Each structure stands twice: as C-alpha cells, then as structure tokens.
Amino acid sequence: MLAAPPNLLSQPSYPFRFTGTAGEFFAIWIVNLFLSIVTLGIYSAWAKVRKKRYFYAHTWVADANFEYHGNPIAILKGRIIAVVAFAAYSGLSQFMPNLAAALALVLFAAAPWVIARSMAFNAVNSSYRNLRFGFDGNYKDVLRALWPIALVLMLSFLTPEWNPEIHPMPPRAVIAIIALQAVTAAAVYPFVIGSLKRLQVNHSKYGLAPFGTALGIGAFYKIYGVMLVMVLSAGLVVAVLGIPLAMLSTMLVPVIIILAYFGVGSMLIAYGKSRIGNLVFNNTELDGQLTFTSTLKLGKLTRLYLVNLFAILFSFGLAIPWAVVRVIRYRAENLSLQSAVPLDQFVGGVSARVGAAGEELGEWFDIDLSL
Amino acid sequence: VTPIHADYFDGKSATRRVATIMVAGEMVTVSWAEGAAEFPLRLTRVMPQLRGTPRRIEFPDGSAAIARDHAAVEAAFQVASARTLANRLESHLGFVFSALLGVIGAVVLGYLYGVPWVAREIAQRLPLEIESQIAEAGMKSLDQTVFAPTRLDADTRAKISAVFSELRAATHLPSTVRLEFRDGGWIGANAFALPGGVVVITDQLIEVLPVVDEAAAVLAHELGHVENRHSLRHVLQASIAALAAAAIYGDVASLTGIAVTAPTVLAHNGYSRDFEREADSFAFALLKETGRSPILFARAMRALETTLQEKRKENRLRKKLGLPEAEKAPPEERDASRHREFDYLSTHPPTEERIRAAEDAERTP
C-alpha cells in the first residue's frame with residue numbers, strides 16, 4: 001500500500017455526482033432497443049455508444065464531466081467478429097465437441113489479447129476535461145493474471161468426456177476430478193480477479209499521469225473467503241428455516257426457493273461489488289498526487305439489487321433503465337477524489353487508436369472487467 | 001451576438017477555463033480570463049445533442065468547449081438541424097411510446113414466430129447425421145445414470161421393432177433411425193426421441209401399453225419429433241432466445257444470471273408444447289397412412305393418464321397411513337406429472353387436449 005499523504009484531512013475532496021435520470025435513460029434505452037431490432041442488430045453499436053455517452057456525460061466531478069468517444073463503426077466490426085466466434089463455438093459444441101474444444105483453446109489463447117484490447121479501447125475512448133485516458137497493458141501482462149485458469153482447463157482433459165478410450169475410469173474418479181477442478185477454480189479465482197484489477201490500475205493513465213496501486217492479492221482472497229462463508233451459512237439458514245416451512249406446506253416451496261435465491265444472490269453480488277469496488281478505489285492513486293475514497297455499503301447495495309430484481313421481473317424488463325440508473329447514481333454518490341494539488345496540472349499525451357474487437361469479444365463471452 | 005458560456009479545455013492539460021464563445025462571420029473566438037483562441041468556423045464541430053448532457057464543441061487543434069445552453073449553441077452555430085435522428089426520436093414522447101410498443105410487439109412476435117422460424121430454417125438445412133454425435137453421447141450418459149438394460153423378452157421386442165420399422169418406412173426418414181429398448185429406472189413409463197434419430201422406449205411404457213398398436217401410436221409421435229428435427233430445433237431455439245435475451249438484458253450484466261433465467265425457462269417450455277402438438281399431428285397422419293386409427297393415440301394417452309392417477313392415489317393413501325411412497329408417480333412421458341398444477345410450466349399439453357385432437361383427427365378424413 002502507498003504511504004498515505006501527510007495531511008489527508010486538509011486535502012480538498014471532490015465528490016462524484018451522477019445527474020442522469022431514469023426517464024431520460026428510458027427514452028434512450030427503448031429507442032436504442034427499437035432501432036437495434038429494426039436494423040437486425042446493426043444499430044446496436046451506435047446504441048452502445050449513445051448509452052455510454054449518456055452515462056459518461058452525466059458523471060461529474062470537480063466541475064467537469066466525463067466523455068465517451070468510442071467509434072460505432074469500430075464497435076460494429078468488433079461485434080461482427082464476436083458474433084462469428086460465438087456462433088462458431090456454440091454450433092461446434094453441439095455437433096463437433098472436439099473441434100469446439102480446439103476452438104475454445106484458440107479463444108483461450110487469444111483471451112489475454114482480447115482483454116488487453118478491450119481495456120485499451122475503453123480507456124483511450126474515455127476522457128475527462130478533454131484529456132484522454134490510456135492503457136498500455138499487453139498480452140504478456142494479462143497472461144500473468146490469467147494463467148491459473150489453464151490449470152482448471154487442463155484438469156478437464158483427464159476426464160473420460162474428453163478421452164474415453166485412453167481413460168477407462170470409474171465414476172468415483174471422475175467425480176474426484178470434477179471436485180478437484182471446482183476447488184482449483186475457487187482457489188485461483190481471487191488471484192485472477194485481483195490480478196486483473198491490479199493490472200488495469202497499474203497500466204492505466206490519465207493524460208500522461210499514471211495510475212497506480214500497491215494492492216496485494218491477499219485482500220481479494222479475504223473478500224472471496226467471506227463470500228464463501230456467506231454462501232455456506234446462507235445454505236445452512238435456508239436448510240434450518242426453509243425445510244420446516246416446506247414441510248408445513250408444499251405451496252411454500254417455490255416461494256422459499258425464489259426468496260432464498262434472490263435474497264442470497266443479491267447479497268452476494270452486493271458484497272462482492274461493494275467490497276471489491278471500495279478496495280480497488282481506496283487503494284488507487286494518480287501520479288502520487290490524487291487518491292480516491294469509495295464508501296459502498298453492503299446493506300444499501302443489497303436492497304438496491306433486490307428491489308431492482310423484482311422491479312425488472314414484474315415489469316418484464318421495462319424497469320431495466322430505472323434499475324441501472326439507481327445503481328450508477330449510488331456508485332457515484334459513494335465515490336470522491338482527494339487531491340493535494342490542483343486538478344488542472346495533469347498533462348495529456350497522444351493515445352494510439354485501438355480497434356474495438358477486443359472489447360466486444362470480451363462483452364459477448366461475458367468477461368466482466370468493470371473497475 | 002450573445003456570447004455562449006462554456007468551459008474550455010485545451011486538450012493538453014486538465015485545466016478548466018471558464019470561457020465565452022463568440023461566433024462572428026467565419027471565425028469562432030474563445031476567450032477566458034488570461035487568454036483567447038480563434039478558430040475557423042468551418043473546422044469547428046458541434047457534437048450532436050444527447051438528452052440532458054451538455055454540448056461538446058470540438059476545435060481543430062484538439063481543444064474542446066463544454067456548454068450547457070443548447071439553444072445558444074444551436075443559434076450561434078446554426079446547427080438546429082444537426083440534431084441526429086436518434087436524438088429527435090428520443091425527445092419525442094410519441095415516438096418513445098411507439099418504440100415501446102414496437103419493442104413489445106417485436107419481442108412477442110419474435111417469440112411466437114421469429115425464433116421458431118429461424119430455428120426451423122436452419123434445422124432443415126443441416127443433415128440428420130450432424131446430430132448423431134450428440135445422440136451417442138446422450139445415450140451413453142443416460143445408460144450410465146438412468147437406464148438399465150431392457151427386461152422385455154425377445155418376442156415382445158421383435159413385435160414392437162417390426163411396427164417401428166413399418167412406421168419408419170412410411171416416412172421419408174433414413175434407415176439409420178432406430179429404436180432402443182431400456183428399463184426406464186426412476187423415469188418410468190417414457191419414450192424419447194434423441195437427436196440423430198434414436199428413439200428410446202422404456203419397459204415400463206410397454207407394461208402400461210400392452211397392445212402393440214397403442215405403443216405404435218407413441219412411436220409414431222416420437223418419429224414426429226425425429227421428422228421435424230425437434231431436438232435440433234430445441235437447441236437452436238434455446239440458443240437464439242438466449243442470445244436475444246442477452247442482447248436485451250445486457251444492461252444489467254451482474255443481474256442477468258438471476259433475472260434472465262426465468263423468462264428463458266418459460267420460453268423453453270412454451271416451445272416444447274408446440275413441438276408436442278406438431279409431433280402429435282404427425283403421429284395422427286402416420287397412423288392413418290399405415291392403416292391405423294388416431295384413436296389409438298387417445299387410448300395410449302388415457303392409459304398413461306390412468307396409471308399416473310392410480311399411482312398418485314396410492315401415494316396419497318400411503319402418506320395418510322404414514323407409509324413410505326411405494327414408487328414415484330411415473331410421469332406420463334417426460335415430466336408431465338406437474339402439468340395439472342402448472343399448466344404453462346409443463347412441457348406437454350394437457351392430456352385432454354391431446355386426446356380431443358386425436359379424436360378430431362379420427363373424424364376428419
């Protein structure tokens with residue numbers, strides 16, 4: 001961790017603010033959706049830019065807002081590549097699992113590049129005070145964060161699913177391998193997420209000023225460890241309270257399952273998002289001059305997610321804009337930056353143009369990379 | 001000319017300069033407390049408006065101004081018409097409402113007709129052999145987990161196999177389409193059509209339907225699944241529906257895992273019911289073509305339904321007496337044991353409806 005600046009309390013603090021409204025965003029969202037459907041998805045690239053521009057432009061700190069400059073054509077190109085890769089993978093996995101596995105290997109080998117590209121595309125196309133952000137992480141940097149996933153994949157090659165002739169294997173051994181795989185995945189997950197967050201901060205720039213964090217991986221293990229305990233104790237609570245209730249009336253079973261699923265799900269997501277969000281921001285500095293304070297609360301975020309979930313379900317998805325705005329506003333309200341020096345002093349550089357393929361592939365294959 | 005109030009950023013530093021912008025003739029002048037800059041009007045770009053956000057004005061040297069007064073900017077730069085189509089649509093309440101109706105209509109029509117149509121078109125263009133890999137894998141895992149070898153005697157099997165061959169010969173299906181006998185284990189009286197054209201019939205089903213022609217009605221139904229490529233279409237429809245849902249719900253990435261599963265499950269089951277109906281009408285036609293009556297299908301359904309009710313009654317009685325359940329109530333085909341309670345959630349149309357359809361098919365020549 002970086003040494004705390006000497007007079008933290010006397011530093012001016014600038015709160016973040018989100019000024020967008022659910023009504024405005026609903027109009028943008030529904031028009032985006034409509035035009036995307038009418039154009040068979042082609043407009044979705046423009047829709048994405050409008051959405052991001054809206055959220056960036058409504059996020060303010062220290063009398064200035066953020067701006068998004070992504071080029072829809074670049075995003076469209078990336079989206080086409082992503083759709084082709086996705087279609088090829090899902091088609092092959094149904095009919096030619098071996099070829100699909102080969103494609104998965106190729107995609108996995110490309111994943112570090114995809115992630116580095118998407119982080120760069122996002123950074124380069126974001127600006128604050130007309131000064132662009134930047135990202136200079138490369139394939140090797142991301143590989144250093146992702147490599148443990150290869151261990152999990154390698155274990156699956158031991159199962160007869162992949163190699164029925166070579167491995168006549170008793171079911172018990174298969175179960176042992178799968179269990180070993182799950183344990184390995186759980187054990188490396190905090191490392192991968194933590195390394196990615198660290199990489200994202202340490203390779204990002206604002207103008208010419210570098211972001212930095214001295215955050216260790218241990219803190220991530222602590223958070224995910226607590227989440228594991230939460231899952232286990234939630235399971236215990238559901239078992240202790242739910243089973244007697246279910247015995248009373250079978251009608252209650254779906255209600256108990258839904259409430260437990262949504263309640264525990266919301267709380268887990270809220271815990272992960274709030275703790276990791278706070279951890280990363282509170283340990284990030286810009287050029288040794290500027291620090292962040294993030295104060296997301298577990299209880300408040302859980303309620304937000306839970307209400308959002310029910311609102312989205314009961315509105316058949318029409319409450320999505322409202323739900324999204326609520327979360328973003330809460331995120332902004334709980335973030336501030338502290339600077340010992342005037343914000344004016346940061347200096348810009350020239351950022352190279354980055355194609356959008358990486359980011360879109362990342363989005364389609366659902367790799368969540370948001371800081 | 002009134003000056004426009006704006007924040008000016010030079011693009012080289014993060015310095016914010018409170019400035020005024022004046023447009024005079026062919027030149028734009030930006031002035032702030034300690035300085036000023038001048039740019040040609042034709043190289044100055046006013047970015048399109050986005051609801052509720054300030055206006056960005058870009059100058060040729062990479063600097064930019066952010067102004068809040070859209071009316072003043074549009075008047076000075078004469079860009080009222082520069083509003084993009086999307087922006088005009090977003091600000092027009094009538095259009096927002098039409099877009100809403102359009103999206104709802106598109107989702108409903110896409111669900112009812114679009115997704116099934118696309119899946120059918122794709123399925124028809126793919127050869128049946130493409131599915132056989134999944135069939136072998138599926139059969140293997142079912143054999144390991146659920147099924148046991150058949151207990152039926154060779155004679156019974158031969159009789160049913162002969163009927164199956166006769167039915168298959170009356171279709172356009174290749175001879176690779178085959179019938180397998182298995183002890184159904186806990187799934188009980190059941191019949192499946194696996195991808196690639198493998199039809200599985202359980203011993204328990206044959207026990208409930210000892211009349212060979214009634215079993216033939218069930219086999220005709222399963223051949224309907226094969227002929228119409230239902231398992232492939234199922235996979236395709238699920239993938240297409242999931243992709244569409246992901247595109248629509250993409251805004252709530254972290255919640256998608258929870259929120260999107262519900263509608264996709266409902267969609268999945270709705271499609272299953274359509275497939276059952278399609279397979280039923282195929283079966284009625286095939287039964288007639290091979291000189292049998294569709295009523296056989298109604299009889300088979302009734303027999304299965306009665307067995308199900310009896311098993312349920314027995315289990316209820318046993319529960320009352322505090323005895324353990326004799327046997328799980330056997331689902332009539334796949335998991336239809338729930339269909340009375342959750343009509344929509346069942347993967348099979350209610351049996352009465354299917355029986356009536358069979359009787360109708362009998363009457364129509």
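Our structure's up above, just so we're on the same page.
Residues numbered from 1 in each chain as written. Chains lettered and ligands numbered in written order. Predicted model: local features only at pLDDT ≥ 70, side-chain atom pairs only at ≥ 80, totals over all residues. Heavy atoms only, no water.

**Some remarks on the overall build of chain A**
A tally of regular secondary structure across chain A gives 12 helices and 10 strands. The buried share of chain A, reckoned over its 371 residues, is 47%. Partitioning the intrachain contacts of chain A with sequence separation of at least 6 by distance along the chain shows that 76% fall at a separation of at least 24. Counting every atom, chain A has about 18200 Å² of accessible surface; 72% of that belongs to carbon and sulfur. (Helix = DSSP H or I, 4+ residues; strand = E, 2+ residues; numbered from the N terminus. Buried < 20%, exposed > 50% of the residue type's maximum accessible area, 1.4 Å probe, protein only. Contact = heavy atoms within 4.5 Å. Areas by Shrake-Rupley, 256 points an atom, 1.4 Å probe, with all protein chains shown as cover.)

**Comments concerning the packing of helix 10 (residues 298-314) of chain A against helix 11 (residues 320-333) of chain A**
Residues and elements named next belong to chain A. Contact pair helix 10 / helix 11: the axes reach a minimum separation of 9 Å and the direction vectors enclose 170°. The angle between helix 10 and helix 11 falls in the class roughly antiparallel. The segment helix 10 lies against helix 11, with K300, L301, R303, L304, Y305, V307, N308, A311 and I312 engaging I320, W322, A323, R326, V327 and Y330. For the contact of helix 10 with helix 11, a count of residues per class yields 11 nonpolar, 1 polar and 3 charged. (Axes fitted to C-alpha atoms, helices over the stretch in contact; angles between N-to-C directions. Parallel < 35°, antiparallel > 145°, perpendicular 65-115°, else oblique. Nonpolar A, V, L, I, M, F, W, Y, C, P; charged D, E, K, R; others polar.)

**Quick look at the nonpolar core**
Membership of the largest hydrophobic core comes to 82 residues, with the highest contact counts inside it found for F16, F25, I30, Y128, L196, Y206 and F346 of chain A. The contact partners of F346 of chain A, leaving out residues within four places of it in the chain, are L131, Y206, A209, L286, D287 and L290 of chain A together with K12, S13 and A14 of chain B. With 41 residues, the next largest nonpolar core counts L128, A193, L205 and A361 of chain B among its residues. (Core = buried A, V, L, I, M, F, W, Y, C linked by side-chain atoms within 4.5 Å.)

**Focus on the interface of chain B and chain A**
Facing 53 residues of chain B, the contacting portion of chain A comprises 55 residues. In total, chain B and chain A occlude about 4700 Å² of area from one another, counting both sides; carbon and sulfur atoms represent 69% of this. The interface formed by chain B and chain A holds 2 salt bridges in total. A salt bridge links E67 of chain A to R56 of chain B, with the shortest nitrogen-to-oxygen separation between them at 2.7 Å. The tally of links between chain B and chain A comes to 10 residue pairs in polar contact (both at pLDDT 80 or more). Among the elements of the structure, strand 1 (4-9), strand 7 (64-67), helix 2 (85-91), helix 3 (93-125), helix 4 (132-145), helix 8 (230-249) and helix 9 (253-259) of chain B are those that each provide at least two residues to the side of chain B that touches chain A. Considering each element in turn, the side of chain B that touches chain A owes the most residues, 8 residues, to helix 3 of chain B. Classifying every residue of the side of chain B that touches chain A by side-chain character gives 28 nonpolar, 14 polar and 11 charged. (Buried area = accessible area lost by both parts, 1.4 Å probe. Salt bridge = Lys/Arg side-chain N within 4 Å of Asp/Glu carboxyl O. Polar contact = N/O pair within 3.5 Å; in protein donor to acceptor, adjacent residues only side chain to side chain.)

**Here we look at the pattern of salt bridges**
Tallied over the entire structure, the rule returns 22 salt bridges over all chains. The salt bridge partner of R56 of chain B is E58 of chain B, with a shortest N-O separation of 2.8 Å. Each member of the pair R56 of chain B and E58 of chain B is classed as buried. Look at the salt bridges and you will find they share partners, linking E67 of chain A together with R45, R56 and E58 of chain B into a network.

**Describing helix 8 (residues 218-248) of chain A**
The end-to-end C-alpha distance of helix 8 of chain A is 45 Å, a good match for the 45 Å that 31 residues give at a rise of 1.5 Å each. Within the span of helix 8 of chain A, buried status applies to F220, I223, Y224, M227, M230, A234 and G242 of chain A. (Expected span 1.5 Å × (residues − 1).)

**With respect to the packing of aromatic side chains**
Residue and element names in this part refer to chain A. In total, this model carries 24 aromatic pairs over all chains according to the counting rule given. Ring plane angle 20° and centroid distance 5.9 Å describe the contact between F25 and Y54, whose orientation is recorded as stacked. One end of the pair, F25, is in helix 1 (residues 22-38); the other, Y54, is in helix 2 (residues 44-57), with 29 residues separating them in the sequence. Judged on exposure class, the residue F25 and its partner Y54 are both buried. Aromatic side chains Y54 and F55 sit 5.9 Å apart centroid to centroid with 75° between the ring planes, which places their arrangement in the edge-to-face category. (Phe/Tyr/Trp six-rings, centres within 6.5 Å; stacked < 30°, edge-to-face > 60°.)

**Things to note about the sheet that holds strand 3 (residues 27-32) of chain B**
All names here are of chain B. The sheet built from 7 strands is open, its strands ordered 4-3-2-1-7-6-5 with antiparallel pairing. Edge positions in the sheet fall to strand 4 (35-40) and strand 5 (45-46), since each of these pairs with one other strand and no more. The sheet contact formed by strand 3 and strand 4 spans 6 bridges and is antiparallel. Following the sheet pairing, V28 is matched in strand 4 by F39. Where helix 1 (residues 70-77) meets the sheet, its contacts fall on strand 1, strand 2 (17-24), strand 3, strand 5, strand 6 (55-58) and strand 7, and the angle it forms with strand 6 comes to roughly 35°. (Pairing = 2+ DSSP bridges.)

**A few points about the packing of helix 1 of chain A against helix 2 of chain A**
Each packed pair of helices is defined by two parameters, the angle between the axes and the distance between the axes. Residue and element names in this part refer to chain A. At a closest axis distance of 9 Å, the pairing of helix 1 and helix 2 adopts a crossing angle of 170°. As summarised for this structure, helix 1 and helix 2 are arranged roughly antiparallel, according to the angle between their axes. Contact with helix 1, carried on its side by E24, F25, I28, N32 and S36, involves S44, A47, R50, K51, Y54 and F55 of helix 2 and no other residues of that element. By residue class, the composition of the contact of helix 1 with helix 2 is 5 nonpolar, 3 polar and 3 charged.

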